[in-house]
Amino acid sequence: MESKDQAKELERIDLPITGMSCASCALKIEKGLAGVEGVSKATVNFAAEKATVVFHPEQTDLSHLIDKVKDLGYGAKSEKVLLPIQGMTCASCVNKVQKALNSVKGVVHADVNFATERASVEYIPEEVSIRDLKKVVEEAGYQVLEVKEEDIVEKERLAREAELSRLKMKFISGAILLTPILLLMYGGSFFKKWLGLSQEVNFFLQFLLATPVQFWAGWQFYVGFWKATKHKTSDMNTLIAVGTSAAYLYSLIVTFVPHRIMVKGLMLDVYFDTSAAIIVLILLGRFLEARAKGKTSEAIKKLIGLQPKTARVLRNGKESDIPVEEVVSGDIIIVRPGEKIPVDGVVKEGHSSVDESMVTGESLPVEKKSSDPVIGATMNKTGTFKFEATKVGKETVLSQIVRLVQEAQGSKPPIARMVDVIASYFVPVVISVAIVTFIVWYLFGPHPALTYAFLNFVAVLIIACPCALGLATPTSIMVGTGKGAENGILIRGAEALETAHQLNTIVLDKTGTLTKGEPSVTDIIASEKFTKKEILTFAASAEKGSEHPLGEAIVKKAREEDLNLLGSKDFEAIAGHGIEATLDSKRILLGNLRLMEERKVILNGLLEKAEQLSNEGKTPMFLAVEGEVAGIIAVADTLKENSKKAVEALHRMGLEVVMLTGDNQRTAKAIANQIGIDRVLAEVLPEMKAEEVRRLQSGGKKVGMVGDGINDAPALAQADVGIAIGTGTDVAIESSDITLIGGDLRGVVTAIALSKATIRNIKQNLFWAFAYNTILIPVAAGVLFPFFGILLNPIFAAGAMAISSVTVISNALRLRRFKPPVT
């Protein structure tokens, strides 16, 4: 295991990979990258077409990783850009700029030409943007002339459309050529009778039509087969290329040298229709797969697309619209009704309501006023306000969400890693089964044995293509994590998504999780001589100058009720007791029971009320005016609006709910009783929370810990699944497996329900993928023929293989209909 110091030196990069055709390709790349010196970990996601690599930058770099991918026979998608640079005066300037660019994470290689004053940069667009490159050059002391920012979402869309267009063209062309082949094959007697078309000419025409299908439409399978062979491995391209080539070559022999295999002068059939139909059907399957895979990441594309293009900035007293990429921290930005907030910041002037649903999952607009935070890409609804930019570019909440979702979609749960291992052995086993099938049919099959041997050999190879197996897990993970992001739930890795459905105990921190985390006035009890309004006015006027949280709660309550506060003087804070002040020549005391006893204030029956409030977990404060008790104000950290609904939903899911808090036993019990929590662990210091979680785990519990992600960090790390609830800050995100951006405890229920739905979906996919291969490979090998005379035509095998892949993806896409169970 690596030390903490070593871990700090590690760098993580996501490489977009091209050319993978199945899960065994992904495993091959994974093994190849893991073998590179300096690579600590490599994970390849077939569906996302991405390799996630953790490496020591001092031992290897991005260019070596890309070279390794290319050596394995695949491609790593990178872009090149020319940056016009001003201000370079000598060769040392060139070295300075070049070194700065090459130090940026995501840059493959940078060359700077002094004569042309240009930098040629190869980079991974998913990791670094042109704006980042421009910024590092400017930080080095030089200027980059205007360069159009790459729109990654648009580029991905165009690349996907180009791939779909290519597959569509090959499929349609192949289908057009296949039609006359099928007519010639199955209407041979008609053409011979009415057109005098001999069987030899018929076969020759089929050969002419089938050859472009085999070597143009199906060329990609040969390319994949050759790459796999060069690296002494095999994948689904191997199965397709070998299978269709066997049918094609057998037919070629029958067409041109039939006497070599003719038995007793009997003319044999050709199977050009089989090889051509297999290629056309597989191309159809690839086309449908590509179209469906594009839909699996729609959630993240939707999030990226939320970012507005421009911002209205106030600089030097003038308003101007500038590209959002040019906004810097500290800029004052103006947002009008109906406009998107361009970056993260803090409101400085004005007020409005903001729709944050696409980031937090919160359906109702949130009121914003001075000093309130705003999140980039959310929609301003009503008023105009000015805010100061605090986080821009990749520092914004939206960028963090996108990064986390991308990481989660590229990660693999244990169930997926198991499938990868199975897939790596699957193809060689299938080829062995196909060879055995050929030998058995050739030696023991009926006449013509060679024909039967070839057909069953091809059927086994085609039916066993592990495409569905490779897509079963990653497509569900991509859709599931994307759906989580739509509901304000950030899942850091697929392992957390898999583990969440196994939880049987949820530990909830009290302050800031179940409760709002700040005190508020809950009760005002008046004596006979005073009204509630008078009591609140006196108390708030006295506390106006106090910084104590309980005093702030009282002042806040008075402002909410628009009370006119009185001027105070001779304010004195009495440590551990309360305060004393003079209002309108009246001496005011506000504090606990001990203060009243010391000042000999008669409570007139209010002591019982105070004890009742204390038993409810509230803090009662007595108000005395001129030595006479006026009433009680009770303050407490109140429950969040939806805490009770969330706890009830967790109970309905069969989970044990435990409350963990540093508060005293009485307060904790009072809160627990309000929302139906049976088990309470109170008076637990922050450093002991992890120990309490460990104690639950030692009793056989699968524990999910829900906290604020800061003081609960050790417990979040100790739990099987750590869930940070709150603001989505860096600390909360980094200390948890799952982060609930909106701060609503119902998100815990949604996260567990989403985990269950995703794992159920994966298991369905794997069942059908395994069942399909397990059942149909023996059928393709001909085990039913001796008993029922049934053989699986290779054409139907190809169709079944394509349908199986599309079925798996379609089933994964059903997760897009997932609805949160608690509203």
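The structure under discussion appears in the preceding block.
What counts and what doesn't
- Residues numbered from 1 in each chain as written.
- Predicted model: local features only at pLDDT ≥ 70, side-chain atom pairs only at ≥ 80, totals over all residues.
- Heavy atoms only, no water.
- Pairing = 2+ DSSP bridges.
- Helix = DSSP H or I, 4+ residues; strand = E, 2+ residues; numbered from the N terminus.
- Contact = heavy atoms within 4.5 Å.
- Phe/Tyr/Trp six-rings, centres within 6.5 Å; stacked < 30°, edge-to-face > 60°.
- Lys NZ or Arg CZ within 6 Å of the ring centre and 35° of its normal.
- Buried < 20%, exposed > 50% of the residue type's maximum accessible area, 1.4 Å probe, protein only.
- Arc of directions from axis to C-beta.
- Lys, Arg positive; Asp, Glu negative; His and termini not counted.
- Salt bridge = Lys/Arg side-chain N within 4 Å of Asp/Glu carboxyl O.
- Polar contact = N/O pair within 3.5 Å; in protein donor to acceptor, adjacent residues only side chain to side chain.
- Patch = residues over 30% accessible without salt bridge, like charges linked within 9 Å, V, L, I, M, F, W, Y side chains within 5 Å.
- Areas by Shrake-Rupley, 256 points an atom, 1.4 Å probe, with all protein chains shown as cover.
- Axes fitted to C-alpha atoms, helices over the stretch in contact; angles between N-to-C directions.
- Parallel < 35°, antiparallel > 145°, perpendicular 65-115°, else oblique.
- Nonpolar A, V, L, I, M, F, W, Y, C, P; charged D, E, K, R; others polar.

(A) Fine view of the pairing of strand β10 (residues 318-323). Where strand β9 (residues 310-315) lies against β10, 6 bridges are found, and the strand directions are antiparallel. In the strand pairing of β10, V313 is matched with S320. If you look at the hairpin formed by β9 and β10, you'll find 2 residues sitting between the two strands, and N316 has a positive phi there, around 55°.

(B) Region of interest: the environment of L550. Topologically, L550 is positioned in helix α21 (residues 549-560). Along the sequence, L550 and P519 sit 31 residues apart, while their C-alpha atoms lie 6.4 Å from each other. Aside from chain neighbours lying at most four places away, what touches L550 is P519, T619, M621 and V635.

(C) Region of interest: the packing of aromatic side chains. The final tally for this structure, using the stated rule, is 15 aromatic pairs. Between the aromatic rings of F204 and F207, the centroid separation amounts to 5.9 Å while the plane-to-plane angle is 40°, which identifies the pairing as tilted. Of this pair, F204 and F207 both sit in helix α8 (residues 199-217), 3 residues apart, which is roughly one turn of the helix. Feature note: the residues F204, F207, F215, W219, Y222, Y248, F256 and F272 constitute an aromatic cluster, connected by ring pairs. Positioned above the aromatic ring of W216 is the side chain of K170, whose terminal nitrogen or guanidinium carbon lies 5.6 Å from the ring centre.

(D) Fine view of helix α3 (residues 62-71). Residues L62, L65, I66 and V69 constitute the buried set of α3. Along the long axis of α3, the arc covered by the buried residues comes to 95°, so they all point the same way. Two residues or fewer past α3, G73 is found with a positive phi of approximately 100°.

(E) Structural view of the pairing of strand β22 (residues 578-583). Of all the 6 residues making up β22, 5 are buried; the element is thus mostly covered by neighbouring parts of the structure. Note that strand β21 (residues 568-574) and β22 share 5 bridges and pair antiparallel. Looking at the pairing, A573 lines up with I579 of β22. Inspection of the sheet shows β22 paired to strand β23 (residues 586-591) by 6 bridges, in the antiparallel sense. By the bridge assignment for β23, E580 is matched with L589. Hairpin geometry of β22 and β23 is characterised by an intervening segment of 2 residues between the two adjacent antiparallel strands and by a positive phi of about 50° at D584.

(F) Quick look at the environment of A581. Structurally, the position occupied by A581 is in strand β22. Residues A581 and E543 lie 38 residues apart in sequence; the distance between their C-alpha atoms is 8.7 Å. Excluding residues that lie within four positions of it along the chain, A581 makes contacts with A542, K569, D570, F571, K586, R587 and I588.

(G) Here's a closer look at the side chain of D344. Structurally, the position occupied by D344 is in strand β12 (residues 344-350). No salt bridge is formed by the buried D344; its nearest oppositely charged neighbour, K391, is found at 5.5 Å. At 2.7 Å, the side chain of D344 forms a polar contact with the backbone nitrogen of G376. With sequence-adjacent residues up to four places away left out, D344 is seen in contact with V374, I375, G376, F387, E388, A389, T390, K391, T396 and V397.

(H) Here's a closer look at a nonpolar patch on the surface. Among the surface-exposed residues, V201, F204, L205, L208, I253, F256 and V257 lie close enough to one another that they form a single nonpolar patch of about 530 Å² accessible area. Elements with a contribution of two residues or more to the nonpolar patch: α8 and α10 (236-256). Counting residues per element, the nonpolar patch draws most heavily on α8, at 4 residues. Here L208 is to be found in helix α8.

(I) Representation of the sheet that holds β9 in the model. Spatially, β10-β9-β11-β17-β12-β15 is the arrangement adopted by the 6 strands of the open sheet, whose pairing is antiparallel. On the outer flanks of this sheet lie β10 and β15 (373-374), each paired with one strand and no other.

(J) Seen up close, the pattern of salt bridges. Taken as a whole and judged by the stated rule, the model has 18 salt bridges. A salt bridge links R312 to E339; the shortest N-O distance between them is 3.0 Å. With R312 in strand β9 and E339 in the loop between β11 (332-335) and β12, this residue pair connects regions lying 27 residues apart in the sequence. Judged by its relative accessible area of 23%, E339 falls in the partly exposed class. A salt bridge links K689 to D509; the shortest N-O distance between them is 3.0 Å. Here K689, found in helix α26 (residues 686-698), pairs with D509, found in strand β19 (residues 505-509); they are 180 residues apart in sequence, far enough to count as distant. D509 carries the same exposure label as K689, and that label is buried. When salt bridges with common partners are traced through the structure, they connect R312, D321 and E339 into a single cluster.

(K) Structural view of unusual backbone geometry. Of note, D570 is a non-glycine position whose phi angle comes to about 55°, a positive value. Note that D570 resides in strand β21. Phi is positive for K600, which is not a glycine, with a value near 55°. Mapped onto the secondary structure, K600 falls in the loop between α22 (593-598) and α23 (606-615).

(L) Inspection of the sheet that holds strand β2 (residues 39-45) at higher detail. Pairing is antiparallel in the open sheet, where 4 strands are placed in the order β2-β3-β1-β4. Two strands lie at the open edges of the sheet, namely β2 and β4 (75-76), each paired on one side alone. Sheet topology note: the β2/strand β3 (residues 50-55) ladder contains 6 bridges and is antiparallel. By the bridge assignment for β3, V39 is matched with F55.

(M) Focus on the packing of α8 against helix α9 (residues 219-230). The contact between α8 and α9 brings their axes to 4 Å, and the two run at 45°. On the basis of the axis angle, α8 is oblique to α9. Seen from α8, the contacting residues are Q214, F215, W216 and A217; seen from α9, they are W219, Q220 and Y222. Of the residues assigned to the contact of α8 with α9, the class counts are 5 nonpolar, 2 polar and no charged.

(N) Fine view of the environment of G551. By the secondary structure assignment, G551 is in helix α21. Between the C-alpha atom of G551 and that of L590, which follows or precedes it by 39 residues, the distance is 9.8 Å.

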